[in-house]
Amino acid sequence: MKYVKTIGATFGVAASLVLAGCGDNTSQGTQSNEEQVSISQALDYTITGIEPGAGMMQLTEMALNEYENLKGWKVSESSTAGMLTMLDKAIQSEEPIIVTGWNPHWKFATYDLKYLEDPKGTFGEVENINTIVRKDLKEEHPTAYEMLDRFYWEPEDMEQVMLDAQTVTFEEAAKKWAEQNQEKVNEWMEGLQSVNGEKFELVSTPWETEEASSHVVKFVLEQLGYDVTITPVDPIIMFQAIANGEGDASVAPWLPVTHGSFYEQYKDDIIDLGENLVGAKVGLVVPSYMDIDSIEDLEPKE
Ligand code: PBE
């Protein structure tokens, strides 16, 4: 309820911002009694966030502490779907909005968006997505271990699966990608000994990027004879599950920054097989029509 009120207030103030933005004399005339509203005021000093367990939410809280000009700002907890709805609504009416954003993601193809510059580097530069496995995996499931060690693809591959999954299930989109990229898949499987229905627990997170990668890995492991389950959980639980051996592997950790603090906590109890994708990114994202370029362009709440 509180959340809805905030949105109402934001839109109310934002409407006067649009008026203030029409810089001709007439509109300034009608404005004379009204104070000019800054972008920060129009946003009610609020960044639109996603699921509270996301690494990005932690990073955004860190940014709120590290940037002096973000004094008094907050990040609203929501869901990815909720954030995308708010983003779409804002863009339909050219209102200001700041979201916790990342790519690969279709929002960059759908809307004209930009990352705010991050001079303090709180959100890192390029992010990788890594593969982690439980400590005994190599001995117990050598075939799966070797396949996971080989698994590596490009952001464009992941995007292709995510795009197809807008109309079909991730299961089908992953299968289609694997069939169209037989050469790559063959490299991952080459010379490996098939198994006979051994159970394999792939731990993932709830985002589409990870639905895409986890389903492709599931498909390939199934070709090798495994019976694979994907369990999406919060990032911290994902690390925990691999560390305590409840899960076999995960292709979902975003590093070095997004899940960096979770990684630090569990790194001694997991095996890190390195990157499965290079060239991801996280940060604060705004529609390109917004007249700010850097996190430092935002104003503290007085
Ligand atoms: N994300 C997408 C996740 C990881 C993948 C950036 C929203 C996060 O934990 O923040």
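Residues numbered from 1 in each chain as written. Predicted model: local features only at pLDDT ≥ 70, side-chain atom pairs only at ≥ 80, totals over all residues. Heavy atoms only, no water.

- Labelled according to an unreviewed UniProt entry, the protein chain appears under the name Glycine betaine/proline transport system substrate-binding protein, originating from Ureibacillus thermosphaericus.
- Under Subcellular location (unreviewed entry), UniProt gives the following word-for-word description of the protein chain: "Cell membrane". (UniProt positions renumbered as here; feature names shortened; annotations may be inferred.)

**Digging into the pairing of strand 6 (residues 199–204)**
Point 1. Across six bridges, the pairing between strand 6 and strand 7 (residues 227–232) is parallel. Residue Lys-199 lies in a different strand from strand 7, and its bridge partner there is Asp-227. (Pairing = 2+ DSSP bridges. Helix = DSSP H or I, 4+ residues; strand = E, 2+ residues; numbered from the N terminus.)

**Focus: a nonpolar patch on the surface**
Point 1. Together, Val-126, Tyr-152 and Val-278 give the surface a local cluster of nonpolar side chains, amounting to about 230 Å² of exposed area.
Point 2. With respect to the helices and strands, the residue Val-278 is situated in strand 10 (residues 271–287).
Point 3. Judged by relative accessible area, Val-278 falls into the partly exposed class, the value being 32%. (Patch = residues over 30% accessible without salt bridge, like charges linked within 9 Å, V, L, I, M, F, W, Y side chains within 5 Å. Areas by Shrake-Rupley, 256 points an atom, 1.4 Å probe, with all protein chains shown as cover. Salt bridge = Lys/Arg side-chain N within 4 Å of Asp/Glu carboxyl O. Buried < 20%, exposed > 50% of the residue type's maximum accessible area, 1.4 Å probe, protein only.)

**Considerations on the environment of Ala-165**
Point 1. Along the chain, Ala-165 turns up in the loop between helix 9 (155–164) and helix 10 (170–180).
Point 2. We classify Ala-165 as buried; its relative accessible area is 15%.
Point 3. Expressed as a C-alpha distance, the spacing of Ala-165 and Glu-208, which sit 43 residues apart in the sequence, is 8.9 Å.
Point 4. Beyond its immediate stretch of four places on either side in the chain, Ala-165 contacts Phe-170 and Ala-173. (Contact = heavy atoms within 4.5 Å.)

**Observations regarding the packing of helix 10 against helix 12 (residues 208–223)**
The axes of two packed helices give the description: the angle between them and the distance between them.
Point 1. It is the contact of helix 10 with helix 12, at a shortest axis distance of 8 Å, that shows an interaxial angle of 60 degrees. Put simply, helix 10 runs oblique to helix 12. Considering how the two elements wind past one another, helix 10 and helix 12 form a crossing that is right-handed. Taken together, the residues of helix 12 that come into contact with helix 10 (itself represented by Phe-170, Glu-171, Ala-174, Lys-175, Trp-177 and Ala-178) are Glu-208, Glu-211, Ala-212, His-215, Val-216, Lys-218 and Phe-219. (Axes fitted to C-alpha atoms, helices over the stretch in contact; angles between N-to-C directions. Parallel < 35°, antiparallel > 145°, perpendicular 65-115°, else oblique. Left-handed = near helix turned anticlockwise from the far one by under 90°.)

**A look at the site of the ligand**
Point 1. Around the ligand lies a shell of 13 residues, among which Gly-55, Met-56, Glu-210, Trp-254 and His-259 are the nearest.
Point 2. Met-56 places a polar main-chain atom, nitrogen or oxygen, 2.9 Å from an oxygen atom of the ligand.
Point 3. His-259 places a side-chain nitrogen or oxygen 2.7 Å from an oxygen atom of the ligand.
Point 4. For the ligand, whose unbound accessible area comes to 280 Å², protein coverage reaches 100%.
Point 5. Of all the secondary-structure elements, those providing two or more residues to the shell around the ligand are helix 4 (55–66) and helix 12. (Near = heavy atom within 4 Å. Polar contact = N/O pair within 3.5 Å; in protein donor to acceptor, adjacent residues only side chain to side chain.)

**Quick word on the side chain of Asn-128**
Point 1. Locating Asn-128 in the fold gives a position in strand 5 (residues 127–133).
Point 2. Taking relative accessible area as the criterion, Asn-128 reaches 15% and is therefore assigned buried.
Point 3. Those residues in contact with Asn-128 that sit more than four places away from it in its chain are Pro-253, Trp-254, Leu-255, Pro-256, Glu-275, Leu-277 and Val-278.

**Points about the packing of aromatic side chains**
Point 1. Evaluated as defined, the whole model comprises nine aromatic pairs.
Point 2. Ring plane angle 80 degrees and centroid distance 5.1 Å describe the contact between Phe-151 and Trp-188, whose orientation is recorded as edge-to-face. In this pair, Phe-151 is assigned in the loop between helix 8 (142–150) and helix 9 and Trp-188 in helix 11 (residues 182–189), connecting sequence segments 37 residues apart. For the pair Phe-151 and Trp-188, a shared accessibility class is recorded, and that class is buried.
Point 3. Ring centres of Trp-177 and Trp-188 lie 5.9 Å apart, and the angle between their planes is 20 degrees; this geometry places the pair in the stacked category. Note that Trp-177 is positioned in helix 10 and Trp-188 in helix 11, a separation of 11 residues in sequence. (Phe/Tyr/Trp six-rings, centres within 6.5 Å; stacked < 30°, edge-to-face > 60°.)

**Brief notes about the nonpolar core**
Point 1. Core analysis: the largest hydrophobic core is formed by 77 residues, its most contacted members being Ile-98, Trp-153 and Phe-200.
Point 2. At seven residues, the largest contribution of residues to this core is made by strand 10.
Point 3. Each residue touching Ile-98, except ones within four places of it in the same chain, is listed here: Leu-43, Ile-47, Thr-48, Trp-73, Leu-116, Leu-284, Val-285, Val-286, Met-290 and Leu-298.
Point 4. The next biggest cluster of nonpolar side chains, apart from the first, holds 12 residues, and it includes Ile-132, Leu-255, Phe-262 and Tyr-266. (Core = buried A, V, L, I, M, F, W, Y, C linked by side-chain atoms within 4.5 Å.)

**Some thoughts on the pairing of strand 3 (residues 99–103)**
Point 1. Counted residue by residue, strand 3 has four buried out of five residues, so it is predominantly covered.
Point 2. Relative to strand 10, strand 3 runs antiparallel, the two sharing five bridges. Residue Val-99 lies in a different strand from strand 10, and its bridge partner there is Val-285.

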